[in-house]
Each structure stands twice: as structure tokens, then as C-alpha cells.
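Structure at a glance
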Protein chains: 2
Amino acid sequence: MKAFACIAAAVTLVAFSAPASAQFAKPEDAIKYRQSALFVMSQHFGRIGAMVNGRVPFDAKVASENADIVADMAKLPWAGFGPGTDKGGNTRAKPEIWTEQAKFKEGSDKLVAESAKLAAAAKTGNLDSIKTAFAASADTCKVCHDAYRNK
Amino acid sequence: MKAFACIAAAVTLVAFSAPASAQFAKPEDAIKYRQSALFVMSQHFGRIGAMVNGRVPFDAKVASENADIVADMAKLPWAGFGPGTDKGGNTRAKPEIWTEQAKFKEGSDKLVAESAKLAAAAKTGNLDSIKTAFAASADTCKVCHDAYRNK
């Protein structure tokens, strides 16, 4: 049974990993891809943050447009963290990403879920709901950056 | 009448430009943003290209997923070409982008339209339709790169 569990885990890992590594011509592309997707997301997330923090006037339509983009972008970066992409480009990604795959995936799944909630909150146009959802999303960024990104 | 037309054109230009320049903290961020969005788009576009050109087996579901992402990403880069973002970072963008704003916008609008057609074609699962729509989208990339990107 132990051997079976081990093989099952290995098969799962391959199934999870294979598409990611196959999608990019070289590790450098995967690194550039994940950094690009995260940067685009951060710019749109920051615009919601500016409204949440009162630095710019609240505009429900703009908040919702940006939140929709964040929710879409949140799904993308993770394919760029496939096996063999810990090196090969200028990256601050910690090796723990590849030794703690399940935990890392849990973190990225959480961002996807929280950013979908943020997009839903933004559709209501209620600033308090947006503030709550924004904070929850921002927390998923922080937890993951603290654990998996070099300073 | 001529003065009015001139003012109307100026107002239109400001309306078109103001949000773009206001969205980024500095020109460097706008440049990084547009390059990031274009790179993410290119990776997904390339995956459809690999199927269209027979380098990888055709998978209708994968083609459609990638085409949806291309269609979404195609809307983003243009906000990063606001006034004052011709310099301030490592960019291959030609100055003509800012002196031929209407023509540049026509080109970017065409990519948005063609990539939406590509996403629709991909939903049909018909490889020939995808090939036609892919070629039309790729042509909009080439026309714009030839005119507005330094080698």
C-alpha cells in the first residue's frame, strides 16, 4: 500500500507538472512569464488599493474593471513555476516552492479564490465589501511572498 | 468651425490619454506593464501557433483556453503607451506611436477584434477556422511591429 501511495503521488506530480514544463521553450521564458503575469496583476490590484486606501476617489466601475482583470490574471502565473524553473533567469523565487508544491499550490489557489470574491464584491459597488475582499486578497499575496520570495 | 474641431480633437485626445498616464506611478512602470502584457499574450498565442503549424498535436480545448486568454490580454497593453512613456525604460517602441496616435489605436483595435474572432473560432473546435483566424491575428501583430517597434 505504501508503494502504491508513492506511485500515485508521483503520477499526480507528473500530471500536475508536465503541462507547465511543456508550455515554455526554456526556463527563462517561464520565469519571465510568471513575473509578467504577476506584474500586470499587481498594477490592477494597486489601483483598487488606491481607492480602498483613499488615495484616489472611489469609482465603482473602475474598481470592478480592475478587479475582473485581477481575477483573470490570478490564474496565470502558476504555470510558470514548473519543474526546472527554479533557475535559468533572474528570479527571487525560493527553492521551497519546488519542495513544498502542495503548500505552494494551496497558496495560489487561495489567491484565485479570494480575487474571484474581490471581483464579486466590486460588482456590488459597495466600498466596505470591496475593502474586506481587498484585504483578504492582499493577505494571500503577503503570505506567499513571505514564504516563497527572496527579499 | 475649424477652431471648434481643433478643440474637440484636443478634448478627445486628453480623454483618451489622461487615464493612461494617471494609471502608472512612473513611465518605467507603464513600459514594464505593456511589455509584460504583450509577453504573456505572446506565450499563449504561440501555443495556438504551434498547433496551427502542426508542431504539436491539435487539442481543441487547449486551443480555446489559450485563445480566450489572448483575447483578454489583447485589451491590456495599450494603456501602457500613454503620453510621456516613449522614454523612461528599456523600450523598442518607436516615437511614431505618439505622433500617429489614431493610426496606432486603429492597429491595436484591430488586434482586439481579430483575437476575439480567434477565440470564437477556437470555440467551434474547427482547426481550419482557427488557422484562418490565427493568420489574421498574427498579421495585426506583424503590421504593428513593422511600423512601431525597433528591431
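Residues numbered from 1 in each chain as written. Chains lettered and ligands numbered in written order. Predicted model: local features only at pLDDT ≥ 70, side-chain atom pairs only at ≥ 80, totals over all residues. Heavy atoms only, no water.

**So, the overall build of chain A**
Applied cut-off: Here a strand is any run of E in DSSP of at least two residues, a helix any run of H or I of at least four, and the numbering for each starts at the N terminus. For the exposure calls, accessible area comes from a 1.4 Å probe over protein chains only, and a residue counts as buried if that area is under 20% of its type's maximum, exposed if over 50%, partly exposed in between. Surface exposure here means Shrake-Rupley accessible area, sampled with a 1.4 Å probe, where a residue is shielded only by the protein chains that are shown.
Helix and strand counts for chain A come out as six helices and zero strands. Along its sequence from the N terminus, chain A presents helices and strands in the succession α-α-α-α-α-α. Within chain A, buried positions represent 38% of all 151 residues. Carbon together with sulfur atoms contributes 63% to the accessible area of chain A, which is approximately 8300 Å² in total.

**Looking at the environment of Asp86 of chain A**
Residues and elements named next belong to chain A. With respect to the secondary-structure elements, Asp86 resides in the loop between helix H3 (60–73) and helix H4 (96–99). A residue is classified by how much of its surface remains accessible, and Asp86, at 30% relative accessible area, is partly exposed. Each C-alpha atom of the pair Asp86 and Leu76 lies 17 Å from the other, and the pair is ten residues apart in sequence.

**Some details on the pattern of salt bridges**
All names here are of chain A. Our working rule: The salt bridge definition used is simple: a Lys or Arg side-chain nitrogen within 4 Å of an Asp or Glu carboxyl oxygen.
Evaluated as defined, the whole model comprises 20 salt bridges over all chains. Ionic pairing is found between Lys75 and Asp72, a salt bridge with its closest N-O pair at 3.7 Å. Look at the salt bridges and you will find they share partners, linking Lys110, Glu114 and Lys117 into a network.

**Here we look at the environment of Thr91 of chain B**
Cut-off, in case you're wondering: The contact rule is simple, with two residues in contact once any of their heavy atoms fall within 4.5 Å.
One can find Thr91 of chain B in the loop between helix H3 (60–73) and helix H4 (96–99). If we ignore the near neighbours within four places in the chain, the residues touching Thr91 of chain B are Ile31, Arg34, Gln35 and Asp86 of chain B.

**Thoughts on the relation of the copies chain A and chain B**
Here the two chain copies are tied together by a rotation about an axis and a shift along that axis. The cut-off we apply is this: The atoms used to superpose the copies are C-alpha atoms, taken from residues with pLDDT of at least 70 in both, and the fit is least squares.
Least-squares fitting of chain A to chain B yields an RMSD of 0.0 Å, with the superposition described by an axial translation of 0.0 Å and a rotation of 180°. Here the transformation between the copies is reduced to the relation of a two-fold axis. Judged by C-alpha distance, Ser36 of chain A is the residue of chain A that lies nearest the rotation axis, at 2.2 Å.

**Details of the interface of chain A and chain B**
Keep this limit in mind: Buried area is understood as the total, over both parts, of accessible area removed when two parts are fitted together, assessed with a 1.4 Å probe. Throughout this description, a polar contact denotes any pair of N or O atoms lying within 3.5 Å of each other; where both atoms belong to protein, one of them has to be capable of donating a hydrogen while the other can accept it, and for residues adjacent in sequence the pair is counted only when both atoms sit in side chains. The residue classification treats Ala, Val, Leu, Ile, Met, Phe, Trp, Tyr, Cys and Pro as nonpolar and Asp, Glu, Lys and Arg as charged. All others, Gly included, are polar.
Taken together, the 16 residues of chain A in the interface contact 16 residues of chain B. Roughly 1400 Å² of surface becomes buried between chain A and chain B when both sides are summed, with 67% attributable to carbon and sulfur atoms. Taken as a group, Tyr33, Phe39 and Arg47 of chain A account for 35% of the area that chain A buries against chain B, more than any other trio of residues on that side. Counting every contact that joins chain A to chain B gives zero salt bridges. Summed over the shared surface of chain A and chain B, the number is two residue pairs in polar contact (both at pLDDT 80 or more). Every element with two or more residues in the side of chain A that touches chain B is listed here: helix H2 (27–52) and H3 of chain A. Looking at the side of chain A that touches chain B, its residues break down into eight nonpolar, four polar and four charged.

**A few points about the state of the cysteines**
Among covalent bonds in proteins, the disulfide is the one between the sulfur atoms of two cysteines. Residue and element names in this part refer to chain B. The condition that has to hold: In what follows, a disulfide is any cysteine sulfur pair within 2.5 Å.
The final tally for this structure, using the stated rule, is zero disulfides over all chains. Free of any disulfide, Cys141 has its nearest cysteine sulfur in Cys144, 8.6 Å distant. Residue Cys141 is classed as partly exposed on the basis of its relative accessible area of 23%. Since its relative accessible area comes to 14%, Cys144 is described here as buried.

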